[in-house]
Amino acid sequence: MQRTAALDDVIFGVDVQSGDVRGDAPSYALAVFDGESVERDVVSRRKLRRLIGDEEPAIVATDNMYELAADKDALVHFLRELPDGTRLVQVTGDEQPEPLSRVASRHGVPYGKDPMEEAEAAARLAAANVGYEVSAFTDTTRVKVSRGRSTGGGGGWSEDRFTRRIHGSVKKRARDVECELEAANLEYDRDVTEKYGGFSNAIFEVRAAPEDIPVSRERSGDTRTEIERERRDGIEFEPLAQRRDHVVVGVDPGTTTAIAVVGLDGEVLDVHSTRTADTAGVIEWIVERGRPIVVAADVTPMPETVEKLRRSFDAAGWTPDSDLPVDEKLHRTREQAYDNDHERDALAAALEASDDHEDQFERVAAKVPPRQEVGPVLARVVAGEESVESVLEDRREDDGEPAETTEHTPRELTAEEKRIKRLQDRVDRLESHVEDLRGTIDEKDETIAEYEDKLEAARSEQRAETRKRREVSRLERENDRLERELQSERDRVEDLEGKLERLKALWKLDHSNFAEVEETKEGLVPVKVVEKFTTGAIEDADDRFGLAEGDIILFRDATGAGRSTAERLAELEPRLVLRTGGLSDVSDEVLFEERVPVAPADSVTVQEVDELAVAREREVEAAIEEWREYSREREKARTAEMVDKLISEHRASDRGKS
């Protein structure tokens, strides 16, 4: 049996202090138990959830799970919000809980009717492994990697590059998640949706709880990682401590030790064999599967190893009248599964012992009242050789029930005894009257509580009206804000219309002779203006209006650029770079090597309107052709310089040899 680590962790015991969980603002009695001391507080629902998120207790314990949620859907939502390592435990049972007072009394935990005392009792019971974990999720966790932002853009090459970058980032993040799952040796299924440039999303169905997965929820730039447990069809309950029923155990000792466990109904529960486990290991294996009533061997007398096991459990022993023959063991285990002869012998011993005690088990079970467990009674009758009646009598006394008495004929009472009886009757009547008065007090208390509920309802209605007025004020402020935004947008539209008119004027200015334009097929091309030849300025321009392959780029200040900035510009593959000022030697060499045409800004007529600029196509082509001519001349000069250098080196080498 695996004991929870609750005693080493913090446990929250919770009970409703006042209000209704279905109302607006219930308050909760909170008992924080760390295994030694208890801290008590009364908190609101919001503060309780915040404390659970901050402290991450091992267990949130309550006597009724629906004190934390109004209905099943709200309960599932509450469970989903719990930290990964926190469990909700109902200490009073599963679908049919018992009264908390009865559970606390059975386990020796202090109990009182005050909500704070009930919260403390729930925390202490959970620390003692009492109760059921409430679960709405399976052991499968869904990890989804998806786009962190929309791929919609302004169109053209910039939008394509933006979309490709996002899908590539999703694919890279999905591969990172897969590597982390592989490194943790977790089983998973992967489903990806491929899109332009990579993945639009990737879903991993991981067979593990969220706290066992080395991936965290995050949203970073282009990607988003979400983690969500797979929901069950309903609510399930898992006991904190697994129940161990009474069983019959068969043992075959030796170099290979085999153990078989059979239920009181004759059903085979488990069979195991080992060559390495010592007696302590065998005992631990048996304890995990039940509490032995009978320990059996297939030979007589009982081997010393089996006898030690029997004494350790204080169980009854069983051996056959003579060693069980192999054919009899084969026949008795013919319908059972086992891996070797040792397991067969242990299984045969357990089954034979169960058969031998079958009538006794049935007789005892018939005498045990329906609401009592048969196993504990059988253990004392079979192992302790007690009578069923004495065992049941002891259990009744332990439960506080009056012992049965034999019938007898009542004797005549004396005068003194009659007087005492009359006085006792008077006391009974007075006590009955006291009970009636207490009933009247209870009725008055209920009436007072009813009036208090009405008062609270009136206050709640008043608070609702106040919230309504606040909401109206908020909506009025929101309406004013939207009207201001509308006016701002109208002003912006007016500015854009003015720009459009200026662009039209610019077009007419450059194409005054439309017949010539039609005949020569000449026109204007856009120019993208960047303030400085720096990486920051290039990135800023790319973010504002996009830089793409084939663009004409004008630098107002081209001085000061280094190698990395020139390489960043060359990656864009511009059609022509217009510069104002001179280039550095490093940037000039990089652009020349990357075959990027460069021309002075004054070699092309550029006309600007606000952030827009245009140039004549024929001037652009002329500048590019001029650069090409310059490039050829520069290549020739470089080649000649290289030849001269080689000749010089060759002559120097010949002189050295001579």
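Enquirer: Explain the sheet that holds strand E12 (residues 257–263) to me, please; I cannot follow it from the model alone.
Expert: Reading across the sheet, the five strands line up as E13-E12-E11-E14-E15 and stay open at both edges, with mixed pairing between neighbours. Two strands close off the open sheet at either side, each with one partner strand: strand E13 (268–274) and strand E15 (316–318). Across this sheet, the average inter-strand angle for adjacent strands is 25°, counted without regard to direction. In this structure, strand E11 (residues 246–252) lies alongside E12, joined through six bridges in antiparallel fashion. Directly across from Val-247, in E12, lies its bridge partner Gly-263.

Enquirer: Help me out: how do you make sense of the packing of helix H10 (residues 358–367) against helix H11 (residues 374–383) in this one?
Expert: At their nearest, the axes of H10 and H11 sit 10 Å apart, and the two run at 125° to each other. Judged by the angle between their axes, H10 and H11 are oblique. Of the two elements, H10 crosses H11, and the hand of that crossing is right-handed. For the pair H10 and H11, the contacting residues are Gln-360, Phe-361, Val-364 and Ala-365 in the first and Val-374, Val-377, Leu-378, Val-381 and Val-382 in the second. Residues that form the contact of H10 with H11 fall into these classes: eight nonpolar, one polar and no charged.

Enquirer: I'm lost on the pairing of strand E4 (residues 59–62) in this one. Help?
Expert: Looking along a regular strand, one sees the side chains alternate between the two faces of the sheet. The alternating pattern of E4 places Ile-59 and Ala-61 and Val-60 and Thr-62 on opposite faces, both of which are buried. Bridge count between strand E1 (residues 11–18) and E4: three bridges; the pairing is parallel. Residue Gly-13 lies in a different strand from E4, and its bridge partner there is Ala-61. In this structure, E4 lies alongside strand E5 (residues 87–90), joined through four bridges in parallel fashion. The partner of Thr-62 across the bridge, within E5, is Gln-90. Where the polypeptide runs from E4 across helix H2 (residues 72–81) and back to E5, its parallel neighbour, the crossover connection is right-handed.

Enquirer: Explain the packing of helix H15 (residues 535–545) against helix H16 (residues 563–571) to me, please; I cannot follow it from the model alone.
Expert: To characterise two packed helices, one gives the angle between the axes of the helices and the distance between these axes. One way to put it is that H15 packs onto H16 with a least axis distance of 9 Å and a crossing angle of 25°. Taken together, the axis directions place H15 and H16 in an arrangement best described as roughly parallel. Packed against H15, whose contacting residues are Thr-535, Ile-538, Glu-539 and Asp-542, the element H16 presents Thr-565, Arg-568 and Leu-569 at the interface. Residues that form the contact of H15 with H16 fall into these classes: two nonpolar, two polar and three charged.

Enquirer: Please clarify how the packing of aromatic side chains should be interpreted in this entry.
Expert: Describing an aromatic ring pair means giving the distance of the ring centres and the angle of the ring planes. All told, the structure shown has two aromatic pairs when counted by the stated rule. Residue placement shows Arg-595 over the ring face of Phe-592; its charged tip is 5.6 Å from the ring centre. The ring of Phe-592 carries the charged tip of Arg-634 above its face, separated from the ring centre by 4.1 Å.

Enquirer: When you look at the side chain of Glu-343 in this model, what are you seeing that I'm missing?
Expert: Take Glu-343: it is sitting in helix H9 (residues 341–356). Despite its burial, Glu-343 pairs with no opposite charge, the nearest such side chain being Arg-344 at 10 Å.

Enquirer: Got a minute to help me understand unusual backbone geometry in this structure?
Expert: Backbone geometry follows two general trends: most residues other than glycine have a negative phi, and most peptide bonds adopt the trans configuration. Cis geometry marks the peptide bond from Thr-300 to Pro-301; its omega dihedral reads 0°. For Pro-301, the position within the fold is in the loop between strand E14 (291–296) and helix H7 (304–313). Its identity is not glycine, yet Asp-314 carries a phi of approximately 55°, on the positive side. Along the chain, Asp-314 falls in the loop between H7 and E15. Even without a glycine there, the phi angle at Arg-595 is positive, about 60°. Structurally, Arg-595 can be placed in the loop between helix H17 (585–593) and strand E20 (598–600).

Enquirer: How do you make sense of the sheet that holds strand E18 (residues 552–557) when you look at a structure like this?
Expert: Pairing is parallel in the open sheet, where four strands are placed in the order E17-E18-E19-E20. The open sheet has two edge strands with one neighbour each: strand E17 (528–532) and E20. Each neighbouring strand pair of the sheet contributes to a mean axis angle of 25°, computed without reference to strand direction. Of the pairings in the sheet, the one linking strand E19 (residues 576–579) to E20 comprises three bridges and is parallel in character. Across the sheet, residue Val-577 finds its bridge partner in E20, namely Val-598. Of the strands in this sheet, E17 and E18 are in contact with H15, which crosses E17 at around 145°.

Enquirer: In this structure, what is going on with helix H6 (residues 279–287)? I would like to understand it.
Expert: Because each turn of an α-helix spans 3.6 residues, side chains separated by three or four positions in sequence point in the same direction. Along H6, the residues classified as buried are Val-282, Trp-285 and Ile-286. Down the axis of H6, the buried set is contained in an arc of 100°. They therefore lie on one face. Structural note: H6 exposes Ala-280 and Glu-284 on the side pointing more than 90 degrees away from its buried face. Elements that come into contact with the buried residues of H6 comprise E11, E12, E13, E14 and H7.

Conventions and cut-offs
Residues numbered from 1 in each chain as written. Predicted model: local features only at pLDDT ≥ 70, side-chain atom pairs only at ≥ 80, totals over all residues. Heavy atoms only, no water. Pairing = 2+ DSSP bridges. Helix = DSSP H or I, 4+ residues; strand = E, 2+ residues; numbered from the N terminus. Axes fitted to C-alpha atoms, helices over the stretch in contact; angles between N-to-C directions. Parallel < 35°, antiparallel > 145°, perpendicular 65-115°, else oblique. Left-handed = near helix turned anticlockwise from the far one by under 90°. Contact = heavy atoms within 4.5 Å. Nonpolar A, V, L, I, M, F, W, Y, C, P; charged D, E, K, R; others polar. Buried < 20%, exposed > 50% of the residue type's maximum accessible area, 1.4 Å probe, protein only. Right-handed = clockwise from strand over helix to strand, strands pointing away. Phe/Tyr/Trp six-rings, centres within 6.5 Å; stacked < 30°, edge-to-face > 60°. Lys NZ or Arg CZ within 6 Å of the ring centre and 35° of its normal. Lys, Arg positive; Asp, Glu negative; His and termini not counted. Salt bridge = Lys/Arg side-chain N within 4 Å of Asp/Glu carboxyl O. Arc of directions from axis to C-beta.

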